Each structure stands twice: as C-alpha cells, then as structure tokens.
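Structural features, examined
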Amino acid sequence: MVTLQLDSKTPGHPEAESEGIEVTTGPLGQGISNAVGLAIAEAQLRNTYNKPGYDLIDNYTYCFFGDGCMMEGISSEACSLAGHLGLGKLIAFYDSNSISIDGNIEIEFTEDVGKRLEAYGWEVLEVSDADTNVKAISDAIAAAKKSTDKPTCIKLTTTIGYGSLNEATASVHGSPLKPEDKKQLKEKWGFNPDQDFHVDQEVYDYYSKVGEAGANAEKEWNALFEKYQKEFPELGAELARRLKGELPQDWEKSLPTYTPADKAVASRKLSEIALGEIANVLPELIGGSADLTPSNLTRWKDATDFQPEKSGLGNQGGRYIRYGVREHGMGAIMNGLAAYGANIKSYGGTFLNFVSYGAPALRLAALSQIPVIWVATHDSIGLGEDGPTHQPIETLAHFRAIPNVMVWRPADGNETSAAYLKAIETKTTPSVLALTRQGLPQLEGSSVEKASKGGYTIVEAKNAKLIIVATGSEVITSIEAAKLLEAQGVPTSVVSLPDHFTFDSQSDEYKKSVLPDGVPIISVEVLATAGWSKYSHVQFGLDRFGASAPAGELFKKFEFTPEGIAKRGKQTVDFYAGKELLSPLNKPFFPIH
C-alpha cells in the first residue's frame, strides 16, 4: 500500500537514488552478490587503514535473500567466492518462505540451500520460528558476529503474508491486500482498522533515540579519525581525500602518452601499462579478472592478491581479486565494491564477448550511476582462431544502447589512456573498454586530450569529398584506405570515434565540426552496424557471425582492408554525387534524457 501511495519516493524495487539504499537490486541474485562486493570493500579498507586502537573501518555487511535469489546462477557465483575469500563480516538472512511467483517452491526448487552454502565455506544458522521469535533472530546475529573467517547465513523460516487471509500463498507476493483482509489483519495485531499510514508516537520516540545514538557515534568516529590523522598523517590524509570522493592532484599525469615513433602494441597491453601507472598513484583502484588474467593483462606488477591470510596466496589488504570464471558474479561484486564508498574504483576483466554474461550487472551499474570499469579484451574477429563463439559482433551495439554507459574502443595508446582518464574521473557512469588482442600502431594526430572528447578528426583532408568514421583497429586501416582514395582523386578525412556516449555529450558545434554537412560519411567497424546510422550515411560492418582463422585472414575474408574500405568509400561518394547532403547529426530524433 505504501508503494502505491508514495510511488514517486518508494520504487517498486530498491534503487540507489533513494536515500539510505546502497545498491539497486531488482533482478534476483544481484543483492547478495552486491553484498559480497560491499564486504570485500570493508575487509580491504580495514586491512589497509586500521591500526591498533584505531578501528576506523569496522562495519558488518547485512543482506536479505530469498529462494528466488538462490535459484539464479549469479548467487552461486558470488556466494562461492565469498566462502573462498573468508568474508567473516558478511551476514546474510535467508528468508525461507517456500513461495515463488509460480506457487510453492516444491514444484521447482527442493535443494538444501544451507548445505550448498556450507559446501561453499559458509557458516549456516537457523531460526525455525522467525515469524515471531525476535529473540532467536537477535541471538543468531550475535552468534554470526563471532564467526571471523566465514560468511554467515541465518536461515529464517517464515510465512509469507503472515496473518493475512492469504498467508503462505503466492497471491500475497506482489499484490496489495484486499480491504477486508487489511481490516482483519489490523484488528488481529491490535491496530485501529480505520487508520491508514499511521505510526504510533512511541515508534517516533524510539527512532529518535536511534538517530541520537547514531549522531553521537559519528561524533566519536570523527574525533577518533582526527587523532588518527595526527598519528598517521600520510594514511590519514589519503583516507580523508578518499572519503571526500576526491582523486589525487595531477593523478592524470601518470597516464602514458605515445608518439608514432613508439612501437605497435595491442590495446590490451596498452591497458595493462596504463593500469600499472594508475595503480601506483590511486590506492582506491581495486580490480581483477574472471580467470583470464594472462589474457586480459589486468594485474599490475607487484600487485597483492586479495585472499584470506591463512591461504598463503595474499592478504585482505590486497587490491587484486581472482574472480574465477564468474563474469556475472564479478559484475555485481564490482558494483558492491564501488558502492561502498571511499572512492573505490573497481574494475574487472574478461573477453568482450563474455561481458554479455554480466550484462544485467552492467545495466544496474548504469541505473545506479556506479562508475565501474569493465576491461573487455579480444574485441573483434581480430582474436582469430577461437572463432565465432568468442568473437563479439552485436556486443557493443547492445552496450551502447544502455543509457549512461561509456563504451570505449580505443585505436592506440593515447586513446586507451583517454578511456581510463574518463572512466576514472566520472562519478556516475560505468565504462566498457573494448581492447584488441592484435597490435595497433601509435597514430599520427591522436592525443589524450582529443580522444577525451569521444570523437575527433584524426586525418583532415582539404576539401574532403568523403569522411570515414571508425573505431579501434579499423582506424589505422581507414587511414590507409584514405591514402588509396586520395590517389583516386577522392580527398578523404578520417574520424576516430572511440566512445559514442562521450562524443554525444559534446556541444552541437563541436560535433558538427567533426561530422559536418555536405560530405558523405561511411562508418567502419568490424562489428554490428546497429546504431551507426546516427553518425554515418553508409555503414560498413559485420552483421553476421565471424569465423575461425588467423586474424589477418579474417580481415581479408570480410574485406576489412584498405582496399575493401576504399572500394566502399568510392561507392559512397558516387552514390551521393550531386545530392544535397546534411550531416547524419541533423536527422530528427527525440531521445528522452
């Protein structure tokens, strides 16, 4: 009933934009997975900053989950990792009411969740009469806090809709109670059946005392932190900066820059170089990979793994997380890490095609305005022999269609650094960095500053008759194609458009200077063409699955070569010859932001 009355303030599912809500959940299994990220953040910060007598970071992470959450595969991924990591300050309540939307779960879900969690390395406690036994729940929480090296699940056996005429049925899962049911329920519990949205004064009084206690606790913490900063000035200043959500001054100077004299390097390697430099100046950078560290190149030199101390594999002050083959769980855990606070910049690596496994978590990061970073390598058919199962085609079109997501596909080292610059600086937008397996030359005309606009003219031809707009590995190929077209009497400019989202945020004047009226524009990207009509009159892409062969052979097969691009560029010029042509940016469209 409250949801219907106050729908503008109380969403149907918890959303981070509402005060007091850390993460947006909604899809089942996301919440418990976010909680694992929150618990990792607490442990990492505690082991980094706490000193004897200074327990600055000491909170528990609490979470509720239900039968539906445990049916979703993501919960298995996250809970398995939580048990491995020994997150002793994670306490999850399992609301076991045996009801799902379809009815009693005996029709679909008869496993023993407690035994599954115990097998993962969790402690499991039970309260069999949780409808009424508040003391048993309190005692279970006290017992859970004593478990220092295992996460704890408190199984609460409850009755859904307890006291309703329809208790223990699916009908009370998402529907408001009928008036006669509300009336008998209020009478049963001793409330006035004629009052709606009424709160007794004693409740206000109680919560007022809770607020006062919280305010006093905050004063005590602030005083403790003030003493800490005097005794540990370097760590204190660092933590104070992070709690303000600020980045170190001039941190961006750590980003590598390149000239055409530098050798060709795969953008996944350029990413590794950038991460190493960033990690040295940003203690808030925490990340890992979904069992693809040697392929994603996400671990910087001398990084310490986040692991239980007893494992001998690292410690809980470590900043590199071995996520295992758990892309979806990784995405939701990344969201929890970033949502914790202290300016944590969380990232996770996998192949671009397998970010699709974590797409629901990416979508929730965008909805929640959580600036996580997906390091997504093997970005096209350029990965070669792994074949179409691994070669992303539609992936970037999907992610570009999600509101509030930066999708970077850099063409060289400067553009890779620009992607990290924007991904680290933003406080509200997640990023996907699509990176190559094959080497890319360092381009004449590129720079971090130019690429930071999301799109720019990298080759400007005088009196251009054609513009080629491209991303990633196709930029250098387009530049070579432009030389062939020039020789054919078709002066051609080349635009690099590494991120549509950032380019779209630029002024209309700037965008029209890059993609002007009067010149036909062809887009070139060895991925699906969906979405490119916004920036080009003609699209050259790959609207079919790839194939298994060495990268060079595949680019030749699909004609993503200088000759193939030049041929299509000349056809574009001939088609539009003599026609009045406006920039695609002039086409009417009506997005609601």
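Please read all numbers here as calculations on a predicted model, not as lab measurements.

About the cut-offs
- Residues numbered from 1 in each chain as written.
- Predicted model: local features only at pLDDT ≥ 70, side-chain atom pairs only at ≥ 80, totals over all residues.
- Heavy atoms only, no water.
- Helix = DSSP H or I, 4+ residues; strand = E, 2+ residues; numbered from the N terminus.
- Rg over C-alpha atoms; globule rule 2.2 N^0.38 Å.
- Buried < 20%, exposed > 50% of the residue type's maximum accessible area, 1.4 Å probe, protein only.
- Contact = heavy atoms within 4.5 Å.
- Pairing = 2+ DSSP bridges.
- Axes fitted to C-alpha atoms, helices over the stretch in contact; angles between N-to-C directions.
- Parallel < 35°, antiparallel > 145°, perpendicular 65-115°, else oblique.
- Nonpolar A, V, L, I, M, F, W, Y, C, P; charged D, E, K, R; others polar.
- Phe/Tyr/Trp six-rings, centres within 6.5 Å; stacked < 30°, edge-to-face > 60°.
- Domains from an automatic or database assignment.

On to the overall build of the protein. If you tally the helices and strands in the protein, you get 21 helices and 19 strands. For 593 residues, the compact-globule estimate of 2.2 N^0.38 gives 25 Å, and the protein sits close to it at 27 Å. Along the first, second and third principal axes, the C-alpha set of the protein runs to 90 × 60 × 45 Å. Considering the protein as a whole, with its 593 residues, one finds that 53% of them fall into the buried category. For the protein, long-range pairs separated by at least 24 residues make up 75% of all intrachain contacts whose partners lie at least 6 apart in sequence.

With that out of the way, let us pick up the sheet that holds strand 12 (residues 406-408). An order of 9-8-10-11-13-12 is seen for the six strands of this open sheet, with the pairing classed as parallel. At either end of the open sheet lies a strand with only one pairing partner, and these are strand 9 (320-322) and strand 12. Pairs of neighbouring strands in the sheet enclose a mean axial angle of 20°, with direction left out of account. The pairing of strand 10 (residues 345-351) with strand 11 (residues 373-377) spans five bridges and is classified as parallel.

All right, on to the environment of Arg363 then. Note on placement: Arg363 falls in helix 13 (residues 359-368). In sequence terms Arg363 and Asn404 are 41 residues apart; their C-alpha atoms lie 8.9 Å from each other.

With that settled, the discussion passes to the packing of helix 2 (residues 30-49) against helix 9 (residues 233-243). The interhelical angle for the contact between helix 2 and helix 9, taken along N-to-C directions, is 150°, at an axis separation of 11 Å. With respect to their mutual orientation, helix 2 and helix 9 come out roughly antiparallel. Across from Leu45, Thr48 and Tyr49 in helix 2, the residues of helix 9 making contact are Leu235, Glu238, Leu239 and Arg242. Its residues assigned to classes, the contact of helix 2 with helix 9 comprises four nonpolar, one polar and two charged.

The next thing to look at is unusual backbone geometry. Not every positive phi belongs to a glycine, and Asn343 is a case in point at roughly 60°. The residue Asn343 is located in the loop between helix 12 (327-340) and strand 10 in this model. Located in the positive-phi region is Asn404, a residue other than glycine, with phi close to 60°. One can find Asn404 in the loop between helix 14 (395-401) and strand 12.

A word on the packing of aromatic side chains. Inspection of the entire model under this criterion finds 18 aromatic pairs. Ring geometry for Phe65 versus Tyr94: centroids 5.2 Å apart, planes at 15°, classification stacked. Placement of the pair is Phe65 in strand 1 (residues 61-66) and Tyr94 in strand 2 (residues 90-96), with a sequence separation of 29 residues. For the residue pair Phe65 and Tyr94, the accessibility class agrees, reading buried in each case. Each member of the aromatic cluster is reached from another via a ring pair, and the members are Tyr54, Trp221, Phe225, Tyr228 and Phe232.

Next up on the list: the domain arrangement of the protein. The accessible area lost on association of the parts is a frequent measure of interface size. Examined at the domain level, the protein breaks down into domain 1 (30-204), domain 2 (205-243), domain 3 (251-440) and domain 4 (453-576). Using only C-alpha atoms to locate each centre, domain 2 and domain 4 end up separated by 54 Å.

Here we take up the sheet that holds strand 15 (residues 456-459). Strands sit in the order 15-17-16-18-19 across an open sheet of five strands; the sheet is mixed. At either margin of the open sheet sits one strand with a lone partner, and together these are strand 15 and strand 19 (538-540). Neighbour-to-neighbour, the strand axes of this sheet turn through a mean angle of 30°, independent of strand direction. On the sheet, helix 21 (residues 562-576) packs against strand 16 (466-470), strand 18 (521-524) and strand 19 and is oriented at approximately 165° with respect to strand 19.

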